[in-house]
Amino acid sequence: MFESEINRRRTFAIISHPDAGKTTLTEKLLLFGGAIHVAGAVKSNKIKKTATSDWMEIEKQRGISVATSVMGFEYEGHKINILDTPGHQDFAEDTFRTLTAVDSVIIVVDAAKGVEAQTRKLMQVCTMRKTPVMIFVNKMDREGKDPFDLLDELEAELGIGVRPLSWPINMGQKFKGVYNIYQEKLNLYTPNKQRISETVAVDLNSTQLDEMVGEDDARKLRDDLELIEGVYNPFDVKNYLSADVAPVFFGSALNTFGVKELLDCFIEIAPAPLPVAAQERSVEPHEEAFTGFVFKIHANMDPNHRSCIAFVKICSGKFERNVPYRHIRLDKQFKFSSPTAFMAQKKETVDEAYAGDIVGLPDTGNFKIGDTLTAGETLHFKGLPSFSPEMFKYVENADPMKSKQLQKGLDQLMGEGVAQLFTHQNNGRKIIGTVGQLQFEVIEYRLLHEYGAQVRWEPMSLYKACWIESDDAAALENFKKRKFQYMAKDKDGRDVFLAESGYLLQMAQQDFDKIRFHFTSEF
Ligand code: G4P
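Residues numbered from 1 in each chain as written. Predicted model: local features only at pLDDT ≥ 70, side-chain atom pairs only at ≥ 80, totals over all residues. Heavy atoms only, no water.

Draft legend 1. Structural detail: the site of the ligand. Asp19, Lys22, Thr23, Thr24 and Ser252 are the nearest of the 17 residues found near the ligand. Contact between the ligand and asparagine 138: an oxygen atom at 3.0 Å from a side-chain N or O atom of the residue. In this structure, aspartate 141 approaches the ligand through a side-chain N or O atom, which is 2.8 Å from a nitrogen atom. Protein contact buries 69% of the 710 Å² of open area that the ligand shows by itself. Its residues placed into classes, the shell around the ligand shows four nonpolar, seven polar and six charged. (Near = heavy atom within 4 Å. Polar contact = N/O pair within 3.5 Å; in protein donor to acceptor, adjacent residues only side chain to side chain. Areas by Shrake-Rupley, 256 points an atom, 1.4 Å probe, with all protein chains shown as cover. Nonpolar A, V, L, I, M, F, W, Y, C, P; charged D, E, K, R; others polar.)

Dropping the structure here:
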């Protein structure tokens, strides 16, 4: 019973460049799961483009999204957990961390636009973690790129092998459907935003196909399929699970088309909860003792209720309500009387949850990103790296009477993963690094409203902060001495090199070949 509960779980994230159709696809998956009954019911977690300068508005929209941060539903005996990721690029770090809590990923690509910037960036995280990915090429009801060209583009841009498991019959106005290579069935297209279309088994060599899609398209489909068999190796699940090959599906999420093919294949081949690496050992999901880690903290923007929800990914065993668990960093026992689970868009209190699930724990400041909870064992889960920020500012105290508040506020906000704090070795000044301008505004506002502290930003021109290490202690010391005015410490006291430009970074890499430069904090 315990084993089968875990085995039937599939925990994944959908990623895409904004507007490719992530929200629409999520909604359609929920529709199949019976979790919702009409399309349009999922509150979009999408941040409207018009609001980019108004981050309060963005936070409001993010507030709505607490419930949709994780969406669980049942489908064909499987418990599926979709972890939502913010679309706005300024929250990319949130997305990176969410990707550490999933066992697989579905990438949505717009058929007309192909691989876009945000997708490329997120794929790097999947590659780093060897996360199995499936690709859904969306918007086939519109004119898009030639499917073969798209496959080449996916392979080249995402750095992964591809294998089509469904194939479109024409596109745009002439779109007639998809042939499900995996199940050898034909799914004819009828634009319909609500109805789930039926598929029929069809013999490719029979005249039935010609009758269904017309002679020309039937001939083209046969030729295309022959070409696919010639060019691509037969699909092997092992290559998908090892993250070497991504199966590709074509369809139109808006028209609920090609989505069932994706979902049916997904539940069959996507991995059940996988082992998770802790510093001490690898933790198997089927171990009886509960373990988990915090991968996301959602703050309440209302200053009168300074409470958060800590999202915990269960790595092993069963989590139970009101059972004491050990918070490793604080070495303290905590019991949770109202843990929440997420079904469809509802947040509800749960008594138990299993490896693969996400539980939300109400928190008043005890948790930081990356914290481990266990039934007692001392473990520290790895794999929540910080990524090199891209924007930097000195942060100064603007109200000398409130320096304690500022310290505390910064400490907590950094613990939530809002941004990263570095201390300059040369002058002791504090530097905040982010992936987008919005975070500076969020920090300033929250420090003032939640902690009564005021900050002043001072610009600095930095290209990148990277973590450095070397097997040669003397070489490391020499580097730190020579580059003293460019050295900083991160929150854990590790050495960080502040490169002022791409050129200077390149020069440093060339001149100091015994030093390794890292762009994530975990290496
Ligand atoms: P995102 O979460 O990845 O940002 O994308 P989202 O699902 O919100 O979709 C972006 C836009 O693309 C939406 O249109 C949506 O209706 C449309 N779309 C999604 N799937 C398909 C598809 O298969 N075919 C076509 N033709 N369009 C699709 P919008 O006008 O921006 O928003 P809305 O007013 O329709 O909600």
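Draft legend 2. Representation of the sheet that holds strand S25 (residues 420–424) within the structure. If you trace the eight strands from one edge of the open sheet to the other, you get S27-S24-S26-S25-S29-S30-S28-S31, paired in antiparallel fashion. On the outer flanks of this sheet lie strand S27 (455–459) and strand S31 (516–518), each paired with one strand and no other. Strand-to-strand, the axes of this sheet are offset by a mean angle of 40°, without reference to chain direction. Of the pairings in the sheet, the one linking S25 to strand S29 (residues 487–489) comprises two bridges and is antiparallel in character. Bridge assignment links histidine 424 to a residue of S29, and that residue is alanine 488. (Pairing = 2+ DSSP bridges. Helix = DSSP H or I, 4+ residues; strand = E, 2+ residues; numbered from the N terminus. Axes fitted to C-alpha atoms, helices over the stretch in contact; angles between N-to-C directions.)

Draft legend 3. Highlighting the side chain of glutamine 420. Within the secondary structure, glutamine 420 is located in strand S25. Take glutamine 420: its relative accessible area is 10%, and that puts it in the buried class. (Buried < 20%, exposed > 50% of the residue type's maximum accessible area, 1.4 Å probe, protein only.)

Draft legend 4. Molecular detail of the side chain of arginine 9. In this fold, arginine 9 is placed in strand S1 (residues 9–16). Of note is the side chain of arginine 9, whose polar atom sits 2.7 Å from the side chain of glutamate 5. Residues within four places of arginine 9 in sequence aside, it is in contact with Lys79, Pro271, Ala272, Pro273, Tyr354, Ala355 and Asp357. (Contact = heavy atoms within 4.5 Å.)

Draft legend 5. Quick look at the packing of aromatic side chains. Summed over all chains, the structure comprises 22 aromatic pairs. Here the aromatic rings of phenylalanine 175 and phenylalanine 257 are separated by 5.6 Å at their centres, their planes lie at 85°, and the arrangement is edge-to-face. In this pair, phenylalanine 175 is assigned in the loop between strand S7 (166–169) and strand S8 (177–180) and phenylalanine 257 in the loop between strand S11 (245–250) and helix H10 (259–269), connecting sequence segments 82 residues apart. With relative accessibility at 5%, the residue phenylalanine 175 sits in the buried group. Judged by relative accessible area, which is 0%, phenylalanine 257 ranks as buried. Ring centres 6.3 Å apart and planes at 55° place the aromatic pair phenylalanine 295 and phenylalanine 311 in the tilted group. Of this pair, phenylalanine 295 sits in strand S14 (residues 291–299) while phenylalanine 311 sits in strand S15 (residues 308–316), placing them 16 residues apart in sequence. Taking relative accessible area as the criterion, phenylalanine 311 reaches 0% and is therefore assigned buried. Among the aromatic residues, ring-to-ring pairing joins Phe290, Phe319, Tyr325, Phe334, Phe336 and Phe367 into one connected group. Positioned above the aromatic ring of phenylalanine 440 is the side chain of lysine 393, whose terminal nitrogen or guanidinium carbon lies 4.5 Å from the ring centre. A cation over an aromatic ring shows up here: arginine 429 above the ring of tyrosine 394, its NZ or CZ 3.8 Å from the ring centre. (Phe/Tyr/Trp six-rings, centres within 6.5 Å; stacked < 30°, edge-to-face > 60°. Lys NZ or Arg CZ within 6 Å of the ring centre and 35° of its normal.)

Draft legend 6. Representation of a negative patch on the surface. On the surface, a cluster of negative charge is contributed by Asp146, Asp149, Asp152 and Glu155. Looking at the element boundaries, aspartate 152 is found in helix H6 (residues 147–158). When its relative accessible area of 45% is taken as the criterion, aspartate 152 is described as partly exposed. (Patch = residues over 30% accessible without salt bridge, like charges linked within 9 Å, V, L, I, M, F, W, Y side chains within 5 Å. Salt bridge = Lys/Arg side-chain N within 4 Å of Asp/Glu carboxyl O. Lys, Arg positive; Asp, Glu negative; His and termini not counted. Charge placed at Lys NZ, Arg CZ, Asp CG, Glu CD.)

Draft legend 7. How the structure looks around the packing of helix H11 (residues 403–415) against helix H12 (residues 437–451). Running from N to C, H11 and H12 point in directions that differ by 125°, and their axes come no closer than 10 Å. Regarding the angle of H11 to H12, the classification is oblique. Seen along the crossing, H11 lies across H12 with a hand that is right-handed. Packed against H11, whose contacting residues are Gln405, Leu406, Lys408, Gly409, Leu410, Gln412, Leu413 and Met414, the element H12 presents Ile443, Arg446, Leu447 and Tyr451 at the interface. Of the residues in the contact of H11 with H12, the class split is seven nonpolar, three polar and two charged. (Parallel < 35°, antiparallel > 145°, perpendicular 65-115°, else oblique. Left-handed = near helix turned anticlockwise from the far one by under 90°.)

Draft legend 8. Representation of H6 in the model. The terminal C-alpha atoms of H6 lie 16 Å apart, and with twelve residues this matches the ideal 16 Å at 1.5 Å per residue to within 8%. The complete set of buried residues in H6 reads Pro147, Phe148, Leu150, Leu151, Glu153, Leu154 and Leu158. N-capping of H6 is provided by aspartate 146, with a side-chain oxygen placed 3.0 Å from the backbone N of phenylalanine 148. In the segment just after H6, glycine 159 is the residue with positive phi, at about 65°. (Expected span 1.5 Å × (residues − 1).)

Keep in mind these values describe shape, not function.
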